[in-house]
Amino acid sequence: MHLLTFRADGDDTPRLGALLPGDRVADLAALAEAAGAELPGDLLGLIRAGAPALATARELTAGAPATRPLAEVSLRAPLRPGKIVGVGLNYVEHVAESHRTLDTERELPDRPVLFSKPSTAVTGPGQPIRHNANLTKQLDWECELAVVIGEPAFQVAERDALRHVFGYSIVNDVSARDQRRSGQWFFSKGQDSYAPFGPVVVTADEIPDPQRLDLSLRVNGELRQDSNTRHMLFGVARLIADISSGVTLEPGDVIATGSPSGVGAGLVPPQFLQPGDVVEATVERIGTLTNPVVDAR
């Protein structure tokens, strides 16, 4: 399933929906009410409710339910994660460009490089990325596959890790390159709007192998990143096993699995986001996450 959170015209309440063929949106809460079924009203609740709730959602969208065009609704971030675990330096070419331009280590890491982004950094499709020139002159982009956890994971083996995945989405790991502090990335990557997320969460059954997905990013229509998740140093299963060795991953948590090369800091000369820019991050089988950049001073 392709699950999303949307608002309809004249209704400020976020609603749980499913994206169906033909770019039609089914209102799962309305379908559940009409069928006399019980279903959580938001995606995080659906994830926490487990397999029975997801099965109910599938049943409600079988056949020809009442839908509305995607163009008539406003999408929001699918959910607000409890925590976002970011992964740095997870593509070989990005390790090289980061060493050249950002003074990171030349050698490939032998364990995943982890950092966190707060849930307040999350923003949804079409929502603005805030450019505050008082805080940064080097606002950068990073297209990443996002992993949404479905079942609690603590000290799980790599061979069992994918069983804990609910689905996949897209995160743009926006970064203020000039706000790293003594090597720490939290403020550089954690400011409000620095985690565009969406547009949908695709359930894991539709992406059985997350290591075979093309991903790309465009700024104002110009291609900046173009790679495939097979080039990750540490695949999704390895990341879940490593993180859960000491940190419990809970339903609705998100892992941003790292960026390929092609970030603005790595271009010659470097290029960074400016107010008025439009960023499009695309992952195969998931869709495109589009966000404008606005002046936030």
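Described below are features of the structure shown in this document. Throughout, a residue's number is its position along its own chain's written sequence, starting from 1. Restriction of local features to residues with pLDDT of at least 70 applies here, the model being predicted, together with a cutoff of 80 or more for giving and counting side-chain atom pairs; totals for whole chains, interfaces and linings are based on all residues. Excluded from the side-chain calculations are hydrogens and water; all other atoms, namely the structure's heavy atoms, are used.

### Focus: the nonpolar core
- To form a nonpolar core, buried Ala, Val, Leu, Ile, Met, Phe, Trp, Tyr and Cys residues must be joined to one another through side-chain atoms within 4.5 Å. Per-residue accessibility, obtained with a 1.4 Å probe over protein chains only, is compared with the maximum for each type, and a residue is labelled buried under 20%, exposed over 50%, and partly exposed between these values. Among the nonpolar cores identified, the biggest contains 49 residues, and Tyr168, Ile240, Ile255 and Ile286 are the most heavily contacted of them.
- Counting from the N terminus, the helices are DSSP H or I runs at least four residues long and the strands are E runs at least two residues long. No other element matches helix H6 (residues 236-244), which puts five residues into this core.
- Those residues in contact with Ile286 that lie beyond four places of it in its chain are Leu145, Tyr168, Ser169, Ile170, Val200, Val202 and Ile207.
- With 31 residues, the next largest nonpolar core counts Ala18, Leu28, Phe166 and Phe197 among its residues. Whether two residues touch is decided by their heavy atoms; if any such pair falls within 4.5 Å, the residues are in contact.

### Brief notes about the sheet that holds strand E16 (residues 222-228)
- One open sheet holds the five strands; their spatial order is E9-E19-E18-E15-E16, and the pairing between them is mixed. Edge positions in the sheet fall to strand E9 (129-131) and E16, since each of these pairs with one other strand and no more. Strand-to-strand twist of the sheet, defined as the mean angle between neighbouring strand axes without regard to direction, takes the value 15°.
- Any two strands with at least two DSSP-identified bridges between them are counted as paired. In this structure, strand E15 (residues 214-219) lies alongside E16, joined through six bridges in antiparallel fashion. By the bridge assignment, Arg218 is partnered in E16 with Leu223. Axis lines are fitted to C-alpha atoms, over the contacting stretch for helices. Their N-to-C directions set the angle, which ranges from 0 to 180 degrees.

### A short note on the environment of Arg285
- Mapping Arg285 onto the fold places it in the loop between strand E18 (278-283) and strand E19 (287-295).
- For the pair Arg285 and Ala121, spaced 164 residues apart in sequence, the C-alpha to C-alpha distance is 25 Å.
- Look past the residues within four positions of Arg285 in its chain and what remains in contact with it is His2, Val202, Glu206, Ile207, Pro208 and Leu213.
- Here Glu206 takes part through its backbone oxygen, which lies 2.6 Å from a polar atom of the side chain of Arg285. Here a polar contact means two N or O atoms within 3.5 Å. Within protein one must be a hydrogen donor candidate and the other an acceptor candidate, and residues neighboring in sequence count only if both atoms are side-chain atoms.

### What to know about the packing of aromatic side chains
- Note on aromatic pairs: the rings of Phe, Tyr and Trp (six-membered ring only in Trp) are paired at centre separations within 6.5 Å, and the planes decide the class, stacked below 30 degrees, edge-to-face beyond 60, tilted for the rest. In the structure shown here, the tally under the stated rule is one aromatic pair.
- Here the aromatic rings of Phe115 and Trp185 are separated by 5.2 Å at their centres, their planes lie at 70°, and the arrangement is edge-to-face. Of this pair, Phe115 sits in strand E7 (residues 113-117) while Trp185 sits in the loop between strand E13 (175-176) and helix H5 (186-190); the two residues are 70 residues apart in sequence, bridging distant segments of the chain. Each member of the pair, Phe115 as well as Trp185, carries the same accessibility label: buried.
- Across the ring face of Trp185, the terminal group of Lys189 is positioned such that the distance to the ring centre comes to 5.7 Å. Over a ring means this: the NZ of a Lys or the CZ of an Arg is within 6 Å of the ring centre and within 35 degrees of the ring normal.

### Focus: the packing of helix H1 (residues 28-35) against helix H3 (residues 51-61)
- Relative to each other, H1 and H3 sit at 85°, their axes nearing to 10 Å. As the angle between them shows, H1 and H3 are arranged roughly perpendicular. The segment H1 lies against H3, with Leu28, Leu31, Ala32 and Ala35 engaging Ala57, Leu60 and Thr61.
- For this classification, the nonpolar set comprises Ala, Val, Leu, Ile, Met, Phe, Trp, Tyr, Cys and Pro, the charged set comprises Asp, Glu, Lys and Arg, and every other residue, Gly included, is treated as polar. Broken down by class, the residue content of the contact of H1 with H3 amounts to six nonpolar, one polar and no charged. By the definition adopted for this analysis, an angle is roughly parallel if under 35 degrees, roughly antiparallel if over 145, roughly perpendicular if from 65 to 115, and oblique otherwise.

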